[in-house]
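Listed below, chain by chain, are the residues.
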Amino acid sequence: IEALPAGAPVLVTMEYSPGSAPEIEPMAQALTRHLLWRGARPVYVSLWPEGNSMFQRLRAAVLDVEFADRREGRDWVALGYKAGGPMVINALRRDLRAMYAADLRGAPLDSCPAVADVRALDQFALIVGLSAGTPGLQEWLLFGADPTGVPLAGGCTGVGMPEFLAYFPRQVVGLIGGLKGAAEYESALAAAYPQRTVPRPATVAMGPQTIAHALIVAFLVLGNLGVVASWRARRRPGPR
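Residues numbered from 1 in each chain as written. Predicted model: local features only at pLDDT ≥ 70, side-chain atom pairs only at ≥ 80, totals over all residues. Heavy atoms only, no water.

Enquirer: Mind showing me how you'd approach the overall build of the protein chain here?
Expert: A count of helices and strands for the protein chain gives eight helices and six strands. Across the protein chain, helices and strands are ordered from the amino to the carboxyl terminus as β-α-β-α-β-α-α-β-α-β-α-β-α-α. The C-alpha extent of the protein chain, read off along each of the three principal axes, is 95 × 40 × 30 Å. Classification of the 240 residues of the protein chain by burial places 46% in the buried group. Put simply, of all contacts in the protein chain between residues at least 6 apart along the chain, 70% involve residues at least 24 apart. (Helix = DSSP H or I, 4+ residues; strand = E, 2+ residues; numbered from the N terminus. Buried < 20%, exposed > 50% of the residue type's maximum accessible area, 1.4 Å probe, protein only. Contact = heavy atoms within 4.5 Å.)

Enquirer: Can you help me understand helix α1 (residues 21–37) in this one?
Expert: Given 3.6 residues per turn, any residue in an α-helix points the same way as the ones three and four places further on. The terminal C-alpha atoms of α1 lie 23 Å apart, and with 17 residues this matches the ideal 24 Å at 1.5 Å per residue to within 8%. A positive backbone phi angle near 80° is found at glycine 39, which sits one or two residues after α1. (Expected span 1.5 Å × (residues − 1).)

Enquirer: Where do I start with the nonpolar core in this structure?
Expert: What tends to happen in soluble globular proteins is that the nonpolar side chains get buried as a cluster. Counting 38 residues, the largest nonpolar core has Val10, Val12, Met14, Tyr16, Tyr44, Phe55 and Leu130 as its most contacted members. Counting residues per element, the ones that place at least two in this core are β1 (9–15), α1, α2 (51–66), β4 (126–131) and α7 (178–192). Examining the composition of this core, we find that nine residues originate from one element, α1, more than from any other. Leaving out residues up to four positions away in the same chain, methionine 14 has contacts with Tyr44, Val45, Ser46, Gly51, Met54, Phe55, Leu58 and Leu130. (Core = buried A, V, L, I, M, F, W, Y, C linked by side-chain atoms within 4.5 Å.)

Enquirer: Just to check I follow, could you spell out the layout of surface pockets for this structure?
Expert: The probe, sized like a water molecule, is rolled over the atoms to show the empty space still left. Roughly 370 Å³ of internal volume is contained in the largest pocket. Taken together, 20 residues line the largest pocket, and the ones lying closest to its centre are Ala153, Gly174, Leu175, Ile176 and Tyr185. Taken together, the elements giving at least two residues each to the lining of the largest pocket come down to α1, β4, β5 (152–156), β6 (174–177) and α7. Top contributing element to the lining of the largest pocket by residue count: β6, with four residues. Classifying every residue of the lining of the largest pocket gives 14 nonpolar, five polar and one charged. (1 Å grid on protein atoms, 1.4 Å probe; cavity = no way out; pocket = protein on both sides within 12 Å on 5 of 7 lines; lining within 4 Å. Points joined across faces, edges and corners; volume = space filled by probe spheres on them. Nonpolar A, V, L, I, M, F, W, Y, C, P; charged D, E, K, R; others polar.)

Enquirer: Would you take a moment to explain the packing of aromatic side chains for this structure?
Expert: The relation between two aromatic rings is expressed through the spacing of the ring centres and the mutual angle of the planes. Per the stated rule, a full pass over the model turns up four aromatic pairs. Here tryptophan 37 and tyrosine 193 contribute two aromatic rings whose centre-to-centre distance is 5.1 Å and whose plane-to-plane angle is 50°, an arrangement assigned as tilted. Separated by 156 residues along the polypeptide, tryptophan 37 in helix α1 and tyrosine 193 in the loop between α7 and α8 (201–235) bring together distant segments of the chain. Each member of the pair, tryptophan 37 as well as tyrosine 193, is classed as buried. Ring geometry for phenylalanine 55 versus tryptophan 76: centroids 5.9 Å apart, planes at 50°, classification tilted. Here tryptophan 76 lies in the loop between α2 and β3 (77–81) and phenylalanine 55 lies in helix α2, a separation of 21 residues in the sequence. By relative accessible area, which is 2% here, tryptophan 76 ends up buried. Aromatic rings pair up to connect Tyr44, Phe55 and Trp76 into one cluster. Lying over the aromatic face of tyrosine 100, lysine 82 brings its terminal NZ or CZ to 5.6 Å of the ring centre. (Phe/Tyr/Trp six-rings, centres within 6.5 Å; stacked < 30°, edge-to-face > 60°. Lys NZ or Arg CZ within 6 Å of the ring centre and 35° of its normal.)

Enquirer: Sorry if this is basic, but what is going on with the pairing of β5 here?
Expert: With five of five residues buried, β5 is to be regarded as a mostly interior element. Burial of β5 is two-sided: the residues Leu152, Gly154 and Cys156 facing one way and the residues Ala153 and Gly155 facing the other way are all buried. The pairing of β4 with β5 spans five bridges and is classified as parallel. By the bridge assignment for β5, valine 128 is matched with alanine 153. With helix α5 (residues 137–148) bridging β4 and the parallel β5, this β-α-β connection has right-handed handedness. Both β5 and β6 contribute to a ladder of four bridges, which runs parallel. (Pairing = 2+ DSSP bridges. Right-handed = clockwise from strand over helix to strand, strands pointing away.)

Enquirer: I would appreciate a short explanation of the packing of helix α3 (residues 86–94) against α5 in the present structure.
Expert: Two packed helices can be described by the angle between their axes and the distance between those axes. Running from N to C, α3 and α5 cross one another at 15°; their axes reach a closest spacing of 9 Å. Classified by the angle their axes make, α3 and α5 are roughly parallel. The interaxial crossing formed by α3 with α5 has right-handed handedness. When α3 is examined against α5, the residues Pro86, Ile89, Asn90, Leu92 and Arg93 are found in contact with a partner set consisting of Glu139, Trp140, Phe143, Gly144, Pro147 and Thr148. Of the residues in the contact of α3 with α5, the class split is six nonpolar, three polar and two charged. (Axes fitted to C-alpha atoms, helices over the stretch in contact; angles between N-to-C directions. Parallel < 35°, antiparallel > 145°, perpendicular 65-115°, else oblique. Left-handed = near helix turned anticlockwise from the far one by under 90°.)

This is the structure:
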């Protein structure tokens, strides 16, 4: 993202739901800040029905609060959810307007400067997939990035990280893994932009997550100690 020229169009895909939002929503917030600070033009789409509501949460938390001076349709645009999974991606490779005649407001795409020069998927400078399942990052890789040559980056849940590490760094140029990855992204932004205020919800959430993980490990240890004690009791010879 740091290497993108000013005004570069970036496709941001939001394939997650409220259940996975605690891990992925901080990524979406940090990513949006990063893109707009760099002067890029984020274009938001989704292959999940929940994508529209996830975008509205992003809008209320970041776009309307921190970037009130940026104009929808000119500096960023939300196209929203379309059903069809890989078929949507295939259609976008041929013609963006074949799938999206208007944005979420109902404004015709030809009236949105943010996508005025984007006719198909291969005209985006970067695709960033925020994925909690299928369809998601893998479909954007197989049907979008690989056929067009557009660089692909992404973020996924912690349990999904091992699946996508096989594609990094050749087919997926950047990868954020779970809440820990989101917290690292926030820290990287804070270091790169010391003059700006960087909200850090993922960093704050790492504390409760660490406690929860420590409790899980403690319960595992206690459970195993109980098994060992039971095994030793069975092996102990009884009275004669």
